[in-house]
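Breakdown of the fold
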Amino acid sequence: DRKENVVEHSFSVAMLCWRIHSALKLKLSLEKILLYALVHDIPERGLKEDTNTYAPADEREHKYAREIAEYEKICVEFEEFSDLGHTLGNYNKKVDEEARFVWRVDKMQGIILGGLDGHWNPHKGGVSYEEFKKKQDEFTEKCPPFLKELFQHVSDEAYKSYYENPDKISAG
């Protein structure tokens, strides 16, 4: 009856990344992927709730600014563990395919988890099918060829769960 915290979310994303990496036999560095997955949402520490993917642009911009400020605090707080700040900085800048891979899998994880535990259902949260489809198409378009089919499949299954059969998902 509670939402996942940042640590649980990061672990879940890391495991999903590992599973996809293994299933697709990717040539990407699994070490980098797991490090990025573990740190990707550390700047959200202490928040009671994250800003939703479907939030208005001004809320998304505020989220980004808040996370940059928190990243800077993390770099000072953990200055003796500079690899943490370096890894988080590289993830934030999406400097390589591994960082971009984790970003995309993070988007899938939310959809998958919402379908499994009813944590957040876009349809019941007031997101129209058109808004959902537009966002999923935007995410799919940004996927590399090796991930597009999987992301499209996750989006299609989410549509069935959230919009065709929303009452089958727990209230969360």
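A few points on the structure. For clarity, every value in this text was computed on a predicted model and none was experimentally measured.

Turning our eyes to something else, we now look at the pattern of salt bridges. Enumeration over the complete set of coordinates arrives at 11 salt bridges. Between Arg45 and Glu70 there is a salt bridge whose closest N-O contact spans 2.5 Å. Here the residue Arg45 occupies a position in the loop between α2 (30-39) and α3 (57-77), and Glu70 occupies one in helix α3, the gap between them amounting to 25 residues. We note a salt bridge from Lys107 to Asp106, for which the minimum N-O separation is 3.9 Å.

Under the counting rule described, the total for this entry stands at 5 aromatic pairs. A ring pair is formed by Tyr36 and Tyr91, whose centres lie 6.1 Å apart and whose planes are at 45°; its orientation type is tilted. Of this pair, Tyr36 sits in helix α2 while Tyr91 sits in helix α4 (residues 82-93), placing them 55 residues apart in sequence. For the residue pair Tyr36 and Tyr91, the accessibility class agrees, reading buried in each case. An angle of 80° between the planes, with centres 6.2 Å apart, marks the rings of Phe139 and Phe151 as edge-to-face.

What follows deals with helix α6 (residues 129-141). For α6, built from 13 residues, the straight-helix expectation of 18 Å at 1.5 Å per residue is met to within 8% by its first-to-last C-alpha distance of 18 Å. Buried within α6 we find Phe132, Lys135, Gln136, Phe139 and Thr140. The buried side chains of α6 occupy one side of the element, clustering within an arc of 135° when seen end-on. Across α6 from its buried face, at more than 90 degrees, point the exposed residues Glu130, Lys134 and Glu141.

Here we come to the nonpolar core. Core analysis: the biggest nonpolar cluster contains 26 residues, and Cys17, Phe101, Val102 and Met108 have the highest contact counts within it. Contributing elements (two or more residues each) for this core: α1 (6-24), α2, α5 (97-117), α6 and α7 (145-164). Among residues more than four places away in sequence, those in contact with Val102 are Val13, Cys17, Ile33, Tyr36, Ala37, His40 and Tyr91. Of all hydrophobic cores here, the second largest spans 5 residues; its members include Val39, Tyr71, Leu84 and Leu88.

On to the environment of Asn5, then. Tracing the chain through its elements places Asn5 in the segment before α1. The class of Asn5 is partly exposed, set by a relative accessible area of 38%. Separated by 42 residues in sequence, Asn5 and Leu47 have C-alpha atoms that sit 9.1 Å apart. Within the structure, Asn5 has its side chain in polar contact with the backbone nitrogen of Val7 (distance 3.0 Å).

As a further point, take the packing of α2 against α4. For the pair α2 and α4, the least separation of the axes is 9 Å and the interaxial angle reads 90°. By the angle between their axes, α2 is roughly perpendicular relative to α4. Contact residues: α2 offers Leu35, Tyr36 and Val39, while α4 offers Leu84, Thr87, Leu88, Asn90 and Tyr91. Here the residues of the contact of α2 with α4 are counted per class, giving 6 nonpolar, 2 polar and no charged.

Cut-offs applied
- Residues numbered from 1 in each chain as written.
- Predicted model: local features only at pLDDT ≥ 70, side-chain atom pairs only at ≥ 80, totals over all residues.
- Heavy atoms only, no water.
- Salt bridge = Lys/Arg side-chain N within 4 Å of Asp/Glu carboxyl O.
- Helix = DSSP H or I, 4+ residues; strand = E, 2+ residues; numbered from the N terminus.
- Phe/Tyr/Trp six-rings, centres within 6.5 Å; stacked < 30°, edge-to-face > 60°.
- Buried < 20%, exposed > 50% of the residue type's maximum accessible area, 1.4 Å probe, protein only.
- Expected span 1.5 Å × (residues − 1).
- Arc of directions from axis to C-beta.
- Core = buried A, V, L, I, M, F, W, Y, C linked by side-chain atoms within 4.5 Å.
- Contact = heavy atoms within 4.5 Å.
- Polar contact = N/O pair within 3.5 Å; in protein donor to acceptor, adjacent residues only side chain to side chain.
- Axes fitted to C-alpha atoms, helices over the stretch in contact; angles between N-to-C directions.
- Parallel < 35°, antiparallel > 145°, perpendicular 65-115°, else oblique.
- Nonpolar A, V, L, I, M, F, W, Y, C, P; charged D, E, K, R; others polar.

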